[in-house]
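Report on the structure
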Amino acid sequence: MTPIPDDLIRHLQQVRHLVIFTGAGVSAESGIPTFRDAQTGLWAKYRPEQLASPEGFHADPQTVWDWYAWRREKCLAAEPNAAHLAIAELERRLPRVTLITQNVDGLHQRAGSSAPLELHGNIHHLKCFACRRDGGDWPDDVRTIPRCRCGGRMRPAVVWFGESLPETVLGAAAEASQHTDLFLSIGTSSLVYPAAELPFLAKRHGAFVVEINPQPTPLSARADLCLQGAAGEVMAALLATNT
Ligand code: BJW
Ligand code: ZN
């Protein structure tokens, strides 16, 4: 089992407000490819940045819709892994935990996390591309893109490049990051802003910042501690120190 350094064990024992910030790497062990993994099969000829953008949807709505329908199916078929489960368990054990996720897959909720702050939305919901009206849950087995009552096309309720993050969610995430004493950044490349700013914000406000990732990222040099490993293994080991 991954050894957990003593100073992290001490911080976890004394923590008043833990913030956990997650990215695609947390769902990798559930079989969901990360955003920067090479695309395979039908989708190999597209770059994710091309498909996850208003310009991409405007140019070819059906291709973008089909990509999201395919990814949504993968999310539904996946199961939460040891990292999701450990994060949900920490929420039950510790006095105050805020979970901030960039993931759109809904696996944190399925693992039992009560109210993750979803910075980049949720793939299981729709909104109107034209008027932004809530479009409810993604219907099963729909290949034709549903229309809104304004006539606009429905799209996944996720945040694409060049779009603003939901203001209240980002505000709550920033607020928590400024008032945490222990901040765990897990499974994110720390490349996509403004989300990537949060660990730096926490650090500036005095938090002990820990990165969990098999690969170094732009955060690594500024984090107080980097645990190089898979999220499921490291989080299971961390949980075992807090029984
Ligand atoms: C493991 C593991 C294991 C593997 N265990 N770990 C400031 C500076 C520069 C640019 C900008 C800036 N401010 C805004 C921008 C522009 C842009 C941006 O950041 N671009 C950069 C790429 C340069 N940001 C935006 O456009 C944002 N909007 C915005 O800021 O609006 C105002 C504005 C607009 C324009 C200009 C200026 C201001 C919106 C960002 C929306 C991001 N949306 C996506 C798609 C969501 C829907 C979907 O899923 O399709 O969100 S993009 C994609 O990246 C997705 C992710 O949530 C997000 C982050 O990715 P994440 O989670 O970090 O995954 P990966 O794949 O990058 O990394 C996986 C990591 O896991 C790796 O490190 C692995 O090592 C690790 N790993 N296995 C642990 N087992
Ligand atoms: Zn509409």
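See the structure above.
This is a predicted model, so every value here is computed, not measured.

For the protein, the helix and strand inventory stands at ten helices and nine strands. Here the protein has a C-alpha radius of gyration of 18 Å; the compact-globule value for 243 residues is 18 Å, and the two agree. Taken over the C-alpha atoms alone, the protein extends approximately 55 × 35 × 30 Å along its principal axes. Within the protein, buried positions represent 53% of all 243 residues. Of the contacts formed within the protein by residues at least 6 apart in sequence, a portion of 66% connects residues at least 24 apart. Surface accessibility of the protein: about 11,400 Å² in total, with carbon and sulfur atoms responsible for 51%. Taken as two groups, the 23 positive and 26 negative side-chain charges of the protein have centres that lie 5 Å from each other.

Once that is clear, we can look at the coordination of the zinc ion (ligand 2). With distances of 2.3 to 2.4 Å, the protein atoms coordinating the zinc ion (ligand 2) are Cys128 (SG), Cys131 (SG), Cys148 (SG) and Cys150 (SG). Coordination at the zinc ion (ligand 2) is tetrahedral, judged from the four donor atoms that bind it and the angles of 103 to 117° they form at the metal. Taken in chain order, the donor set of the zinc ion (ligand 2) reads C-x2-C-x16-C-x1-C. Residue cysteine 128 is found in strand β4 (residues 121-128), and its partner cysteine 148 is found in the loop between β5 (134-137) and β6 (154-158); the two are separated by 20 residues along the sequence. Judged by relative accessible area, cysteine 128 falls into the buried class, the value being 0%.

As a further point, take the pairing of β6. In terms of burial, β6 is a largely internal element, five of the five residues being buried. By the bridge criterion, five bridges tie β4 to β6 in an arrangement that is antiparallel. Paired with lysine 127 across the two strands is arginine 155, which belongs to β6.

Considering all chains together, one arrives at twelve salt bridges under this definition. Among the ionic pairs, arginine 72 bridges to aspartate 140, the shortest N-O distance being 3.1 Å. Of this pair, arginine 72 sits in helix α5 (residues 61-77) while aspartate 140 sits in the loop between β5 and β6, and the two are 68 residues apart along the sequence. Take arginine 72: its relative accessible area is 6%, and that puts it in the buried class. Residue aspartate 140 is classed as exposed on the basis of its relative accessible area, which comes to 55%. Measuring nitrogen to oxygen at the nearest pair gives 3.7 Å for the salt bridge that ties arginine 110 to glutamate 79. Highlighted residues: arginine 110 in helix α7 (residues 107-111) and glutamate 79 in the loop between α5 and α6 (82-93), separated in sequence by 31 residues.

Pairing is parallel across the open sheet formed by six strands, whose spatial order is β3-β2-β1-β7-β8-β9. Each edge of the open sheet is held by one strand with a lone partner, namely β3 (117-118) and β9 (225-227). Docked against the sheet, helix α1 (residues 6-14) engages β7 (182-186), β8 (208-212) and β9, running at close to 120° with respect to β7.

With twelve residues, helix α8 (residues 167-178) extends 16 Å between its outermost C-alpha atoms, agreeing within 8% with the 16 Å of an ideal straight helix rising 1.5 Å per residue. Three or more residues of α8 are buried, namely Val169, Ala173, Ala174, Ala176 and Ser177. The buried residues of α8 occupy an angular sector of 165° when projected down its axis, which confines them to one face. Those residues of α8 that are exposed and aimed more than 90 degrees away from the buried face are Glu167 and Thr168.

It is worth spelling out the site of ligand 1 at this point. As a matter of local geometry, ligand 1 sits amid 33 residues, with Arg36, Tyr68, Arg71, Glu163 and Ser189 nearest to it. The separation between a nitrogen atom of ligand 1 and a polar main-chain atom of glycine 25 is 3.4 Å. Within the backbone of alanine 231, a nitrogen or oxygen atom sits 2.9 Å from a nitrogen atom of ligand 1. Here ligand 1 loses 73% of its free accessible area of 1,500 Å² to cover by the protein chains. For the shell around ligand 1, the secondary structure elements donating two or more residues are α2 (25-28) and α5. A breakdown of the residues in the shell around ligand 1 according to their chemical character gives 17 nonpolar, twelve polar and four charged. Taken domain by domain, the makeup of the shell around ligand 1 includes at least three residues from each of domain 1 (1-31 + 80-120 + 165-243) and domain 2 (33-77 + 121-158).

Strand order in the open sheet made by the three strands is β5-β4-β6, with antiparallel pairing throughout. The strands lining the two open edges of the sheet, one partner per strand, are β5 and β6. Taken over all neighbouring pairs, the strand axes of this sheet differ in orientation by 40° on average, direction set aside. Seen against the sheet, α5 touches β4 and β6 and runs at an angle of roughly 145° to β4.

Rules and cut-offs
Residues numbered from 1 in each chain as written. Chains lettered and ligands numbered in written order. Predicted model: local features only at pLDDT ≥ 70, side-chain atom pairs only at ≥ 80, totals over all residues. Heavy atoms only, no water. Helix = DSSP H or I, 4+ residues; strand = E, 2+ residues; numbered from the N terminus. Rg over C-alpha atoms; globule rule 2.2 N^0.38 Å. Buried < 20%, exposed > 50% of the residue type's maximum accessible area, 1.4 Å probe, protein only. Contact = heavy atoms within 4.5 Å. Areas by Shrake-Rupley, 256 points an atom, 1.4 Å probe, with all protein chains shown as cover. Lys, Arg positive; Asp, Glu negative; His and termini not counted. Charge placed at Lys NZ, Arg CZ, Asp CG, Glu CD. Donors = N, O, S within 2.8 Å, 3.2 Å for Na, K, Ca; no water. Tetrahedral: all angles 85-135°; square planar, octahedral: opposite > 155°, others 65-115°. Pairing = 2+ DSSP bridges. Salt bridge = Lys/Arg side-chain N within 4 Å of Asp/Glu carboxyl O. Axes fitted to C-alpha atoms, helices over the stretch in contact; angles between N-to-C directions. Expected span 1.5 Å × (residues − 1). Arc of directions from axis to C-beta. Near = heavy atom within 4 Å. Polar contact = N/O pair within 3.5 Å; in protein donor to acceptor, adjacent residues only side chain to side chain. Nonpolar A, V, L, I, M, F, W, Y, C, P; charged D, E, K, R; others polar. Domains from an automatic or database assignment.

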